[in-house]
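# Structural features, examined
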Amino acid sequence: MKYHGGLTKRGELDFSSNINPLAPPGFVTGLVKECDYSTYPDYTYADLRKAIAAFNGVGDGEVTPVNGASEGLYASLMVARLLGMRRCLIVSPNYGDFEFEEYCRLIGLKVTHHLMPHGDSSYVLGDVKAQRDDVVLLSNPSNPTGILHGRGELINMINDAGLVIIDEAYINLSVNPSMSLMGSGYSNLIVVRSLTKEIGLPGLRIGYVYTPNTQAMELMRSVLPSWNVNSCADKVARGVYSEYSGEYISFLEESRREVGRLRGFLVNGLIELGFKVYESTVNFILAEAPIDADILHKALLNKGIVVRIPKGFMGLGGKHVRIAVRGINDEERLIEEIKRILNGA
């Protein structure tokens, strides 16, 4: 069953969708205003692939654009099946846990979950026991836990598995983007990236997939439909990765600094209210509320505020909530409303 955040009504304060709180930047809104919807995009996306590749220092044959990270993840799992993988090992809790489990079974993959261990303060990757006919699916930074896995841990997993798919949708908003495996050259690796969370336009739906494996990339492009990325998303992404690449890099640097400040404010406020907050390196946090998460969610919804409850995530439930980092005024309102709820107001 599919379950996601972001289904908010106009006027609601959305803490369920993890959007960069500084976005969108001016150069992106300018690109959107210049969009021409009267023509088809180039279905080969040759210029877009060149822009993405040049920005990341890889070959343009190693990347292909996708309609957001979700399409990239679905296509990557199909590629894994076509490459002969027999089992999908999902590192959980993870974005789309049950959704991707269902899809894997539909395409003939057996499914198991590796539940990440955790203490009082943070989750850790743990010992992922992958085999040569396994495709491993995980996110880095981990969504929903917010933890950032080290390159060494991931490389050990790559050395054991048949194929590893890493969702790096939030890596550029994390405390250490150098943990990315983009351009690392491993032939049994697929990296999936999203641009729209960074630039604050999730409705635009644009991301890309990287793999140096020629066979995997050929299969990827065969699996994806023609014109999977619309003409406006094509134009905006080309502008971000080429014409405005310098501005984009500066914007990400500023975003990481501000996300760290806003995350600290949110964490401290929630801890004061009795929440147990897990360590996060990115623009959202996972916490355990002092009351049942469903009760908190409904009470906040009545006040026009939306947080993410753990439906769709393996190993979470009860009191777990995921809360996005937003601006100070929004976070102050959230904290104040939670305080009122806990005090019975």
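Before reading further, recall that the structure is shown in the block above.
The paragraphs below set out a description of the structure included in this document. As the structure is a prediction and not an experimental result, all values here were calculated from the model.

Moving on to the packing of aromatic side chains. As enumerated under the stated definition, the model contains 13 aromatic pairs in all. Taken together, a centroid distance of 6.4 Å and an interplanar angle of 85 degrees make the contact between F27 and F251 edge-to-face. Separated by 224 residues along the polypeptide, F27 in helix α1 (residues 26–33) and F251 in helix α9 (residues 245–272) bring together distant segments of the chain. You can call F27 buried: its relative accessible area is 14%. For F251, a relative accessible area of 7% gives the class buried.

This next bit is on the nonpolar core. Residues V136, L138, V164, V236, V240 and Y241 are the most contacted members of the largest nonpolar core, which totals 57 residues. Broken down by element, the residue count for this core peaks at six residues, all from helix α8 (residues 231–243). The contact partners of V136, leaving out residues within four places of it in the chain, are L89, V91, A130, M157, A161, L163, V164 and I165. Formed by 29 residues, the second largest nonpolar core is a distinct cluster that contains Y74, L137, I190 and V209.

What follows concerns the state of the cysteines. Any covalent bond linking the sulfur atoms of two cysteines counts as a disulfide. Under the criterion given, the structure shown has one disulfide. There is a disulfide in this structure between C35 and C232, and the S-S distance comes to 2.1 Å. Looking down the S-S bond of the C35 and C232 bridge, the torsion is 65 degrees, so its handedness is right-handed. On the criterion of sequence distance, the pair formed by C35 in the loop between α1 and α2 (46–56) and C232 in helix α8 is long-range, its members being 197 residues apart. Among the residues examined, C35 registers a relative accessible area of 12% and is labelled buried. A relative accessible area of 2% places C232 in the buried class.

Running from N to C, α9 and helix α11 (residues 328–342) point in directions that differ by 10 degrees, and their axes come no closer than 10 Å. One finds that α9 runs roughly parallel with respect to α11. Counting all contacts with α9, which are made through R261, L262, F265, L266, G269 and L270, the residues of α11 involved are I328, E331, E332, L334, I335 and I338. Grouping the amino acids of the contact of α9 with α11 by side-chain chemistry returns eight nonpolar, one polar and three charged.

Calculation notes
Residues numbered from 1 in each chain as written. Predicted model: local features only at pLDDT ≥ 70, side-chain atom pairs only at ≥ 80, totals over all residues. Heavy atoms only, no water. Phe/Tyr/Trp six-rings, centres within 6.5 Å; stacked < 30°, edge-to-face > 60°. Helix = DSSP H or I, 4+ residues; strand = E, 2+ residues; numbered from the N terminus. Buried < 20%, exposed > 50% of the residue type's maximum accessible area, 1.4 Å probe, protein only. Core = buried A, V, L, I, M, F, W, Y, C linked by side-chain atoms within 4.5 Å. Contact = heavy atoms within 4.5 Å. Disulfide = S-S within 2.5 Å. Axes fitted to C-alpha atoms, helices over the stretch in contact; angles between N-to-C directions. Parallel < 35°, antiparallel > 145°, perpendicular 65-115°, else oblique. Nonpolar A, V, L, I, M, F, W, Y, C, P; charged D, E, K, R; others polar.

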